[in-house]
Amino acid sequence: DSTVAGVISTNPAYLMNTQWPIGTYHPVALTGRVPCRVQGPVHKGQVLVTGTEPGTAMAIDPAKFQPGVVLGKSLETITDNSIEIIEVAVGRF
């Protein structure tokens, strides 16, 4: 989904546009390692895109890759179809 802005940061190093009221903005990770809800199976190093379950990411089939849809790269492995919070590299590939 090319309309998704990215992964929400749980511990941002820098917040922009904080003049807006709390709750009206979300800290989107622009670069770095961030936790992300990912639906498996996924292997370390695979590129992630929006998942079929709202609020999750999933591994992309390389044949279906399109520019502007990548969220990050998996830094961990999920061997089954479960949804887990794993570390993802954002903006470094």
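Above: the structure in question.
Residues numbered from 1 in each chain as written. Predicted model: local features only at pLDDT ≥ 70, side-chain atom pairs only at ≥ 80, totals over all residues. Heavy atoms only, no water.

1. Notes on the overall build of the protein
So, step 1. Check the secondary structure of the protein and you find 0 helices and 5 strands.
So, step 2. Across the protein, helices and strands are ordered from the amino to the carboxyl terminus as β-β-β-β-β.
So, step 3. For 93 residues, the compact-globule formula gives about 12 Å, and the C-alpha radius of gyration of the protein, at 13 Å, lands near that figure.
So, step 4. Along the first, second and third principal axes, the C-alpha set of the protein runs to 40 × 25 × 25 Å.
So, step 5. Here the protein holds 93 residues, and 27% of them are scored as buried.
So, step 6. About 6300 Å² of surface is accessible on the protein, with carbon and sulfur atoms providing 54% of the total. (Helix = DSSP H or I, 4+ residues; strand = E, 2+ residues; numbered from the N terminus. Rg over C-alpha atoms; globule rule 2.2 N^0.38 Å. Buried < 20%, exposed > 50% of the residue type's maximum accessible area, 1.4 Å probe, protein only. Areas by Shrake-Rupley, 256 points an atom, 1.4 Å probe, with all protein chains shown as cover.)

2. Some remarks on the side chain of Ser74
So, step 1. You can see Ser74 is positioned in strand E4 (residues 72–74).
So, step 2. When its relative accessible area of 1% is taken as the criterion, Ser74 is described as buried.
So, step 3. Within the structure, Ser74 has its side chain in polar contact with the backbone oxygen of Glu76 (distance 2.4 Å).
So, step 4. For Ser74, the contacting residues outside a window of four places in its chain are Val42, His43, Lys44, Gly45, Gln46, Leu48, Ile86 and Glu87. (Polar contact = N/O pair within 3.5 Å; in protein donor to acceptor, adjacent residues only side chain to side chain. Contact = heavy atoms within 4.5 Å.)

3. A word on the sheet that holds strand E3 (residues 57–59)
So, step 1. Taken in spatial order, the 5 strands close into a barrel running E1-E3-E2-E4-E5, and their pairing is mixed. Along the sheet, successive strands turn relative to each other by an average axial angle of 55°, direction set aside. (Pairing = 2+ DSSP bridges. Axes fitted to C-alpha atoms, helices over the stretch in contact; angles between N-to-C directions.)

4. Examining a nonpolar patch on the surface
So, step 1. Where nonpolar side chains cluster on the molecular surface, the patch consists of Ile8, Tyr14, Met16, Val28 and Leu30 and spans about 540 Å² of accessible area.
So, step 2. Inspection of the secondary structure assignment puts Tyr14 in the segment before strand E1 (32–39). (Patch = residues over 30% accessible without salt bridge, like charges linked within 9 Å, V, L, I, M, F, W, Y side chains within 5 Å. Salt bridge = Lys/Arg side-chain N within 4 Å of Asp/Glu carboxyl O.)

5. Some remarks on the side chain of Ser9
So, step 1. Along the chain, the position of Ser9 falls in the segment before E1.
So, step 2. At 3.3 Å, the side chain of Ser9 and the backbone nitrogen of Asn11 are in polar contact.
So, step 3. Every residue in contact with Ser9, bar those within four places of it in the chain, is listed here: Pro27, Val28 and Ala29.

6. Concerning the pattern of salt bridges
It is possible for side chains of opposite charge to pair when their charged atoms get near one another.
So, step 1. For the structure shown, the criterion picks out 1 salt bridge.
So, step 2. Arg33 serves as the salt-bridge partner of Glu87, at 2.7 Å between the closest nitrogen and oxygen. Within this pair, whereas Glu87 is found in strand E5 (residues 83–90), its partner Arg33 is found in strand E1, the two being separated by 54 residues in sequence.
So, step 3. Classification of Glu87 by relative accessible area gives partly exposed; the value is 28%.

Remember, this is a structural readout, not a statement about activity or role.
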